[in-house]
Amino acid sequence: MKSHTHDIYGTDRRRRQGVELSDTDPTRLLAKPFEEAARQRMISAVIFSLVVILCTAVLVTVIIIYQNRAIKQTPPRWQQRTEASADDALAGRDAPLDSQTLFLLDELKDQRATPDATGKEPPLSGHWIKQAAYHLLQAEKAEREERYEDALARYQQAIEIFPDMKGVHRRIGMMHLKLEDYPKAAEALEKVPMEEELTFGLANNLGVTYLAMNEYEKAEKNLLIASRLNPSYPLAYFNLATLYMRTEEPEKATQFFQKYLDLKPEDVSATQTYALLLLQLKRWEAAIKVLEQVRLAAPEVAPIHFRLAEAYTQNKNPGGAIDALRRGATLVDPRNALVWMSRPEFDPIRNESGFQDLLKELGSGK
């Protein structure tokens, strides 16, 4: 008789047996969660590295594109400095100095042209062009600052480097004019027409130079050329009028004063001189007309009223003469007014009651 063993715990043998026959290692099952976490960390690190690499590549690409555009649009630094220096020099400002500019200035500061053994001028090289340009820029700066001797020295240094340089003799002549060295001014200005076209301004300046030297024929020749080259150029007419006053040709002087005042009616001083010429020529009515205009423009100038009184007196208008005398007397002290009234030009109205009354008022100090 078979004996049966009873499992009092009711264990399922079939299930237990299956568990015992499995290939799964219990230790590995315990390590599996840690292995999964490590794998996830490695994947995250790889993804982060890829993102970083991608961002870096994008940033580098943007920087390269920006630099390429900047290089295309922005001139080199040497070109920027050269252009700025030229603009500053032309505009009359001191250019900013960096180390290279300072070196250039030191190089140029005391350089002088040194002809070779044959006596020829320096060759047309970059070195000597820079020398001449430096002296010209310094000369223009000194001229703007009214340092005419310094400007003259700089212009002369530039012309020593290149004697055939055009346009410099004009400036040298003007500097001599400013310094009132008229013979040297004439010498320099006479060279200009050999270098460039004669202009009305140059002809006028030559005329003034010879006028200052009392060489009236040369002065007249050049001033007439200036007036022909530009009929609307007032300075030539004024200088011609001055010339004819010096040569005691009042008729010609009045003609050119009239032309000048047609272009410059606001010049009170020239108008007074013109009126004096008309009085000298005894052209009373023309003088009265001119003096009346000047009196309106400059009512505070006493000599105008006294000259107008003179013209009225000679034109047989005693009332107008006495009124003009009274106006003039209010602008000067009584003693000066009496000196004016004592002139022989007022003899025709000296016995007029208005004239006598004005004498008494001035004598009493009223």
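Residues numbered from 1 in each chain as written. Predicted model: local features only at pLDDT ≥ 70, side-chain atom pairs only at ≥ 80, totals over all residues. Heavy atoms only, no water.

S.K.: Would you explain the overall build of the chain in this entry?
M.R.: What the chain contains, in helices and strands, is 19 helices and zero strands. Within the chain, the fraction of its 366 residues that count as buried is 30%. Of all intrachain contacts in the chain linking residues separated by at least 6 positions in sequence, the fraction that spans at least 24 positions is 47%. For the chain, the exposed area adds up to about 24,400 Å²; of that, 55% sits on carbon and sulfur atoms. (Helix = DSSP H or I, 4+ residues; strand = E, 2+ residues; numbered from the N terminus. Buried < 20%, exposed > 50% of the residue type's maximum accessible area, 1.4 Å probe, protein only. Contact = heavy atoms within 4.5 Å. Areas by Shrake-Rupley, 256 points an atom, 1.4 Å probe, with all protein chains shown as cover.)

S.K.: Is there a simple way to explain the pattern of salt bridges in this structure?
M.R.: Oppositely charged side chains can form a pair if their charged atoms are brought close together. A full pass over the atoms with the stated rule returns 10 salt bridges. Lys252 serves as the salt-bridge partner of Glu249, at 3.4 Å between the closest nitrogen and oxygen. On the basis of relative accessibility, which here comes to 34%, the residue Lys252 falls in the partly exposed class. Taken together, the shared-partner salt bridges connect Glu145, Arg147 and Asp150 into one network. (Salt bridge = Lys/Arg side-chain N within 4 Å of Asp/Glu carboxyl O.)

S.K.: What exactly am I supposed to notice about helix α12 (residues 234-246) here?
M.R.: Owing to its 3.6 residues per turn, the α-helix brings residues three or four apart onto one side. The first and last C-alpha atoms of α12 sit 19 Å apart over 13 residues, in line with the 18 Å expected at 1.5 Å per residue. Looking at α12, one finds that the buried residues are Pro234, Ala236, Tyr237, Asn239, Leu240, Ala241, Leu243 and Tyr244. Structurally, α12 contributes buried residues whose contacts are with α10 (200-212), α11 (216-229) and α13 (250-263). (Expected span 1.5 Å × (residues − 1).)

S.K.: Got a minute to help me understand the environment of Ala158 in this structure?
M.R.: Turning to its location among the elements, Ala158 is positioned in helix α6 (residues 148-161). Residues Ala158 and Ala139 lie 19 residues apart in sequence; the distance between their C-alpha atoms is 9.1 Å.

S.K.: What exactly am I supposed to notice about the environment of Ala287 here?
M.R.: Take Ala287: it is sitting in helix α15 (residues 284-297). Considered as a pair, Ala287 and Leu277 are 10 residues apart in the sequence and their alpha carbons are 8.4 Å apart.

S.K.: Got a minute to help me understand unusual backbone geometry in this structure?
M.R.: Excluding glycine, residues mostly have negative phi values, and the peptide bonds linking residues are mostly trans. Phi at Asn214 takes a positive value of approximately 60°, unusual for a residue other than glycine. By the secondary structure assignment, Asn214 is in the loop between α10 and α11. Given the relative accessible area of 47%, Asn214 is considered partly exposed.

S.K.: Got a minute to help me understand the nonpolar core in this structure?
M.R.: Side chains that are nonpolar tend, in soluble globular proteins, to be buried together. By size, the foremost hydrophobic cluster in this structure holds 66 residues, and its most contacted members are Tyr155, Ile172, Met175, Leu325, Ile349 and Phe355. Apart from the residues within four sequence positions on either side, Tyr155 is in contact with Leu136, Ala139, Glu140, Glu143, Val168, Arg171, Ile172 and Met175. Judged by nonpolar contacts, the second largest core, of five residues, contains Ala203, Ile225, Tyr233 and Ala236. (Core = buried A, V, L, I, M, F, W, Y, C linked by side-chain atoms within 4.5 Å.)

S.K.: What is the right way to look at the packing of aromatic side chains in this model?
M.R.: Remark: the centre distance and the inter-plane angle together describe each pair of aromatic rings, the angle taken between the planes. This structure, assessed with the given rule, holds seven aromatic pairs. When the centroid spacing of 5.9 Å and the interplanar angle of 85° are considered together, the rings of Phe238 and Phe257 count as edge-to-face. One end of the pair, Phe238, is in helix α12; the other, Phe257, is in helix α13, and 19 residues separate them in sequence. The exposure class assigned to Phe257 is buried, which follows from its relative accessible area of 2%. Between Tyr244 and Phe256 the ring centres are 5.6 Å apart and the planes differ by 25°, which places this aromatic pair in the stacked class. Of this pair, Tyr244 sits in helix α12 while Phe256 sits in helix α13; the two residues are 12 residues apart in sequence, bridging distant segments of the chain. Just as Tyr244 is buried, Phe256 falls in that class too. Through a chain of ring-to-ring contacts, three or more aromatic side chains come together here, namely Phe238, Phe257, Tyr260 and Tyr274. (Phe/Tyr/Trp six-rings, centres within 6.5 Å; stacked < 30°, edge-to-face > 60°.)

S.K.: What should I look at first to understand the packing of α10 against α11 in this one?
M.R.: Packed helices, taken two at a time, are described by their axes: the angle between them and the distance between them. Remark: α10 packs on α11, axes separated minimally by 7 Å, with the N-to-C direction vectors making an angle of 160°. With respect to their mutual orientation, α10 and α11 come out roughly antiparallel. When the axes of α10 and α11 are compared, the crossing they make is left-handed. The residues of α11 that touch α10, namely those facing Phe200, Ala203, Asn204, Leu206, Gly207, Val208, Tyr210 and Leu211, are Tyr216, Lys218, Ala219, Asn222, Leu223, Ile225, Ala226 and Leu229. Counted by class, the contact of α10 with α11 contains 12 nonpolar, three polar and one charged residues. (Axes fitted to C-alpha atoms, helices over the stretch in contact; angles between N-to-C directions. Parallel < 35°, antiparallel > 145°, perpendicular 65-115°, else oblique. Left-handed = near helix turned anticlockwise from the far one by under 90°. Nonpolar A, V, L, I, M, F, W, Y, C, P; charged D, E, K, R; others polar.)

S.K.: Would you mind going over helix α14 (residues 268-280) with me for this structure?
M.R.: Between its first and last C-alpha atoms α14 spans 18 Å; for 13 residues at 1.5 Å apiece the expected length is 18 Å, and the two agree. Next to the buried residues of α14 lie α12, α13, α15 and α16 (302-314). Capping of α14 at its N-terminal end is provided by Asp267; its side-chain oxygen lies 3.3 Å from the backbone amide nitrogen of Ser269. The first or second residue beyond α14 is Lys282, which carries a positive phi of 60°. (Polar contact = N/O pair within 3.5 Å; in protein donor to acceptor, adjacent residues only side chain to side chain.)

S.K.: What's the story with the layout of surface pockets in this structure? I'm lost.
M.R.: Regions of empty space are outlined by a rolling probe, equal in size to a water molecule, passed over the atoms. Of the pockets and cavities examined, the second largest pocket occupies roughly 290 Å³. If you trace the second largest pocket, you find 14 residues lining it, with Gln258, Leu261, Thr271, Val290 and Gln293 closest to the centre. Elements represented by at least two residues in the lining of the second largest pocket include exactly α13, α14 and α15. The element contributing the most residues to the lining of the second largest pocket is α15, with six residues. Partitioning the lining of the second largest pocket into residue classes produces eight nonpolar, three polar and three charged. (1 Å grid on protein atoms, 1.4 Å probe; cavity = no way out; pocket = protein on both sides within 12 Å on 5 of 7 lines; lining within 4 Å. Points joined across faces, edges and corners; volume = space filled by probe spheres on them.)

The values reported here are purely geometric and, on their own, carry no functional implication.
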